[in-house]
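Listed here are the chains, written in short residue letters.
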Amino acid sequence: MADPTPTSPPASPDPTIPDSLISTTDAISYWSSTEATITGMLGGYPQVSRIDLQSSSNFLTKLRRKSPHHPPSKPLSRIVDCGAGIGRITLGLLSKVATVVDIVEP
């Protein structure tokens, strides 16, 4: 039995609410047409950049220096990589600074 409640058209994106600008239809279309390889996941680049990983490491170290609870010299007990993709940051950085890495990938 069909739902008798009429549905309204989707609301227009509101630039003051960033999540309203996300189109799941466009995202599904893009990732469905992208090659399931490192090159595809990295937007045409054939490998993970060592410079990219080093920049992320420098950023994390600077953050940790400001925290009295998480100094860079002590491993983190747990960390999460949200939007892990192919896991380049997980493998190349986070697994080296934390005991446990949780990966979230929609």
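Everything numeric here is computed off the predicted structure, so don't read it as measured data.

Trainee: Help me out: how do you make sense of the nonpolar core in this one?
Mentor: The nonpolar side chains of a soluble globular protein tend to be buried with one another. Counting residues in each nonpolar core, the largest one holds nine residues, listed as Leu53, Leu60, Leu76, Ile79, Ile89, Leu93, Leu94, Val97 and Ala98. Of all the elements, helix α4 (residues 88–97) adds the most residues to this core, at four residues. Excluding residues that lie within four positions of it along the chain, leucine 76 makes contacts with Arg64, His70, Val97, Ala98 and Thr99.

Trainee: I tried to follow the pairing of strand β2 (residues 98–104) on my own but got confused; where do I start?
Mentor: Within a regular strand, the side chains alternate between the two sheet faces. With six bridges connecting them, strand β1 (residues 76–82) and β2 associate as parallel partners. Bridge assignment links isoleucine 79 to a residue of β2, and that residue is valine 101.

Trainee: It is not clear to me how the packing of aromatic side chains should be interpreted in this structure. Could you clarify?
Mentor: Centre distance and the angle of the planes are the two values used to describe a pair of aromatic rings. Scanning the model with the defined rule gives one aromatic pair in all. An angle of 85 degrees between the planes, with centres 4.8 Å apart, marks the rings of tyrosine 30 and tryptophan 31 as edge-to-face. Residue class for tyrosine 30 comes out partly exposed when judged on its relative accessible area of 42%.

Trainee: What exactly am I supposed to notice about the confidence of the model for the protein chain here?
Mentor: Parts of the model with low pLDDT should not have their predicted coordinates read in detail. Chain-level statistics for the protein chain give a pLDDT mean of 83 and a share of 90% at 70 or above. Within the protein chain, helix α2 (residues 38–41) has the poorest average pLDDT of any element, 84, and β2 the best, 94.

Trainee: What is the right way to read the pattern of salt bridges from this model?
Mentor: Pairing is possible between side chains that carry opposite charge, provided their charged atoms lie close to one another. If you walk through the whole model with that rule in mind, you get two salt bridges. With a shortest N-O distance of 2.1 Å, aspartate 52 and arginine 88 are connected by a salt bridge. Of this pair, aspartate 52 sits in helix α3 (residues 50–65) while arginine 88 sits in helix α4; the two residues are 36 residues apart in sequence, bridging distant segments of the chain. With its nearest N and O atoms 2.6 Å apart, the salt bridge here joins aspartate 102 to arginine 78. Placement of aspartate 102 in strand β2 and of arginine 78 in strand β1 is noted, with a sequence separation of 24 residues between them. Residue class for arginine 78 comes out exposed when judged on its relative accessible area of 54%.

Trainee: I tried to follow a nonpolar patch on the surface on my own but got confused; where do I start?
Mentor: Residues Ile38, Val48 and Ile86 make up a contiguous nonpolar surface patch of roughly 210 Å² in combined accessible area. Structurally, the position occupied by isoleucine 86 is in the loop between β1 and α4. A residue is classified by how much of its surface remains accessible, and isoleucine 86, at 36% relative accessible area, is partly exposed.

Trainee: Just checking my understanding: could you explain the side chain of aspartate 81 for this structure?
Mentor: Looking at where aspartate 81 falls in the secondary structure, it is placed in strand β1. It turns out aspartate 81 is buried and unbridged, and the closest side chain with the opposite charge, arginine 88, is 8.1 Å from it. With residues near it in sequence (within four places) discarded, aspartate 81 still touches Ile89, Thr90, Leu94, Asp102, Ile103 and Val104.

Trainee: Help me understand the packing of α3 against α4, please; the structure alone is not making it clear to me.
Mentor: Pairs of packed helices are described in terms of their axes, by the angle between the two and the distance that separates them. Running from N to C, α3 and α4 cross one another at 35 degrees; their axes reach a closest spacing of 10 Å. Crossing geometry of α3 relative to α4 is assigned as right-handed. Judged by residue contacts, Asp52, Leu53, Ser56, Ser57, Leu60 and Arg64 of α3 engage Arg88, Ile89, Gly92, Leu93, Leu94 and Val97 from α4. When the residues that make up the contact of α3 with α4 are grouped by side-chain class, the tally is six nonpolar, three polar and three charged.

Thresholds, definitions, all that
Residues numbered from 1 in each chain as written. Predicted model: local features only at pLDDT ≥ 70, side-chain atom pairs only at ≥ 80, totals over all residues. Heavy atoms only, no water. Core = buried A, V, L, I, M, F, W, Y, C linked by side-chain atoms within 4.5 Å. Buried < 20%, exposed > 50% of the residue type's maximum accessible area, 1.4 Å probe, protein only. Helix = DSSP H or I, 4+ residues; strand = E, 2+ residues; numbered from the N terminus. Contact = heavy atoms within 4.5 Å. Pairing = 2+ DSSP bridges. Phe/Tyr/Trp six-rings, centres within 6.5 Å; stacked < 30°, edge-to-face > 60°. pLDDT = per-residue confidence, 0-100. Salt bridge = Lys/Arg side-chain N within 4 Å of Asp/Glu carboxyl O. Patch = residues over 30% accessible without salt bridge, like charges linked within 9 Å, V, L, I, M, F, W, Y side chains within 5 Å. Areas by Shrake-Rupley, 256 points an atom, 1.4 Å probe, with all protein chains shown as cover. Lys, Arg positive; Asp, Glu negative; His and termini not counted. Axes fitted to C-alpha atoms, helices over the stretch in contact; angles between N-to-C directions. Left-handed = near helix turned anticlockwise from the far one by under 90°. Nonpolar A, V, L, I, M, F, W, Y, C, P; charged D, E, K, R; others polar.

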